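The lines below spell out each chain.
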Amino acid sequence: MLVGLFRSNQPAVLLAVPVLAAALFLPAFWHAPSVEGEGMPLAQLAQRLIGVAAWANAIAGIVLISIIAAQLALLLNALELMDRRNHLVALLFPVVLAGLGGPCCYDPALLGMPFVLMAVRRTWSVENNGPALRLLFDAGLLTGIAALCYLPYALMLMVIWASVSVIRPFAWREYALPLLAIGVVFYLTWAVLHLLGDTPWRPLLTITVPDLDSAVLWIGWPRKMFLSILVPMLLLALAAFNISYARCVMRGKNLRSSFMAFALALCVILLLLQWLKGSFPAVLAAAPAAVLSGYAVLNPRRDWLAELAVLGLLCTAIAVRWT
């Protein structure tokens, strides 16, 4: 019933996402984050506004999780990245994030993800002919803003380039303009910090700062049970994604290829972070995993099996959060 509700094309189901996120992340209200080291300017500004109180960080995290879940659902439906319109990703994203994340739910990477999704939506909205420079410049600006929250998001420039390469014929300006936009954002940020007397600015040092909500894998029996359900779902989802890719027309193939570039870029970022400092933010894995998991339960051969799998994910995610 839960899967059937979100499988429908009823935007009203998005109203249930904040309730679901609050139920999953309720224990975060008594887990105050430990803020250490320097952060990117927007992340530092947001942390000053939120403060160090556990309840304030929990509320900020729940709001961001609800926004990202709604963004993912609207993105998939607007660009028709799945076989039919649905809101499954809005259900799966909070569940997957709860199962993978640590005791807190707010993180600078979570703060920057809405800007990443806005940049991705503008990039994937370009057509194979006609003007696209405005959209790509906007995508570069949004990517730069996301990087001001969490520096590794600057690598999303590769997603813009990969998407443009499969959607449009080659034009060097369409590759240079997003890079120029990111450079403008960073230059203006440096100028403001210089005027405020907050220089020298060393953004690369922020990569080694411990994550507020890093992913935790294979620790504790609830998390092992969660992953034992999620991993087979992802394998089935890859097969369903391949079938969907084969059936769709060229525009659909291009968009699905662009999504795979997005997922692979996030995987590269989290692997690099794991190598550099031994941890990575849970949202980097949760966003692509939630989208792919939707393919596994969109057109199942047996509806009761899809309901059982998602219910198992939900129950084990709740167990992860409460234990």
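Anything mentioned here points back to the structure above.
Residues numbered from 1 in each chain as written. Predicted model: local features only at pLDDT ≥ 70, side-chain atom pairs only at ≥ 80, totals over all residues. Heavy atoms only, no water.

### So, the pattern of salt bridges
- Taken as a whole and assessed by the stated rule, the structure comprises 3 salt bridges.
- When the shortest N-O distance is used, the salt bridge between Asp138 and Arg134 registers 4.0 Å. Within this pair, Asp138 and its partner Arg134 are both found in helix H7 (residues 133-149), separated by 4 residues, close to a single helical turn.
- Here Glu174 and Arg168 are joined by a salt bridge, their closest N and O atoms 2.8 Å apart. Judged on exposure class, the residue Glu174 and its partner Arg168 are both buried. (Salt bridge = Lys/Arg side-chain N within 4 Å of Asp/Glu carboxyl O. Helix = DSSP H or I, 4+ residues; strand = E, 2+ residues; numbered from the N terminus. Buried < 20%, exposed > 50% of the residue type's maximum accessible area, 1.4 Å probe, protein only.)

### Some details on the side chain of Thr143
- Its location among the elements puts Thr143 in helix H7.
- Not counting the four nearest positions on each side in its chain, Thr143 is found in contact with Ala119, Tyr153, Ala154, Met156, Leu157, Ile160 and Ile182. (Contact = heavy atoms within 4.5 Å.)

### Comments concerning the packing of helix H2 (residues 17-24) against helix H4 (residues 54-79)
- Their axes nearest at 9 Å, the elements H2 and H4 cross at an angle of 135°. Considering their axes alone, H2 and H4 lie oblique with respect to each other. Crossing geometry of H2 relative to H4 is assigned as right-handed. Each of Val17, Pro18, Ala21 and Ala22 in H2 lies in contact with H4, whose residues at this interface are Ile62, Ile65, Ser66 and Ala69.
- Taken together, the residues of the contact of H2 with H4 sort by class into 7 nonpolar, 1 polar and no charged. (Axes fitted to C-alpha atoms, helices over the stretch in contact; angles between N-to-C directions. Parallel < 35°, antiparallel > 145°, perpendicular 65-115°, else oblique. Left-handed = near helix turned anticlockwise from the far one by under 90°. Nonpolar A, V, L, I, M, F, W, Y, C, P; charged D, E, K, R; others polar.)

### What about the nonpolar core?
- Counting residues in each nonpolar core, the largest one holds 111 residues, and the members touching the most others are Phe93, Leu97, Trp124, Tyr153, Met156 and Phe262.
- Counting residues per element, this core draws most heavily on helix H12 (residues 282-298), which supplies 13 residues.
- Aside from chain neighbours lying at most four places away, what touches Leu97 is Phe25, Ile65, Leu110, Ala282, Val283, Ala286 and Arg321. (Core = buried A, V, L, I, M, F, W, Y, C linked by side-chain atoms within 4.5 Å.)

### What to know about unusual backbone geometry
- We note that Glu80 has phi near 55°; this positive angle belongs to a residue other than glycine.
- Mapping Glu80 onto the fold places it in the loop between H4 and helix H5 (88-100).
- According to the relative accessible area criterion, Glu80 is exposed, its value standing at 59%.

### Considering the packing of H5 against H12
- Running from amino to carboxyl end, H5 crosses H12 at an angle of 135°, the nearest separation of the two axes being 8 Å. In terms of orientation, H5 and H12 fall into the oblique class. In this structure, the crossing between H5 and H12 has a hand that is right-handed. Across the interface between the two elements, Leu88, Val89, Leu92, Phe93, Val96, Leu97 and Leu100 from H5 touch Ala282, Val283, Ala285, Ala286, Ala287, Ala289, Ala290, Val291, Ser293, Gly294, Val297 and Leu298 from H12.
- Partitioning the contact of H5 with H12 into residue classes produces 17 nonpolar, 2 polar and no charged.

### Re the packing of aromatic side chains
- Summed over the entire model, instances satisfying the criterion amount to 9 aromatic pairs.
- For the ring pair Phe186 and Trp201, a centre distance of 5.8 Å and an interplane angle of 25° mean the geometry is stacked. In this pair, Phe186 is assigned in helix H9 (residues 172-195) and Trp201 in the loop between H9 and helix H10 (221-247), connecting sequence segments 15 residues apart. Taken as a pair, Phe186 and Trp201 share a single burial class, namely buried.
- An aromatic cluster of at least three residues, connected via ring pairs, comprises Trp124, Phe241, Phe259, Phe262 and Tyr295.
- Residue placement shows Lys253 over the ring face of Tyr245; its charged tip is 4.7 Å from the ring centre. (Phe/Tyr/Trp six-rings, centres within 6.5 Å; stacked < 30°, edge-to-face > 60°. Lys NZ or Arg CZ within 6 Å of the ring centre and 35° of its normal.)

### A closer look at the environment of Leu26
- Structurally, Leu26 is set in the loop between H2 and helix H3 (41-50).
- Under the relative-accessibility criterion, Leu26 is labelled partly exposed at 36%.

### A look at H4
- The end-to-end C-alpha distance of H4, which contains 26 residues, comes to 37 Å, matching closely the 38 Å that a straight helix rising 1.5 Å per residue would cover.
- Most of H4 sits out of view: 19 of its 26 residues are buried.
- Backbone geometry just after H4 places Glu80 at a positive phi near 55°. (Expected span 1.5 Å × (residues − 1).)

### Looking at a nonpolar patch on the surface
- Among the surface-exposed residues, Leu155, Met158, Val268, Leu272, Trp275 and Leu276 lie close enough to one another that they form a single nonpolar patch of about 640 Å² accessible area.
- Considering each element in turn, the nonpolar patch owes the most residues, 4 residues, to helix H11 (residues 250-277).
- Note that Leu272 resides in helix H11.
- With a relative accessible area of 40%, Leu272 lands in the partly exposed category. (Patch = residues over 30% accessible without salt bridge, like charges linked within 9 Å, V, L, I, M, F, W, Y side chains within 5 Å. Areas by Shrake-Rupley, 256 points an atom, 1.4 Å probe, with all protein chains shown as cover.)

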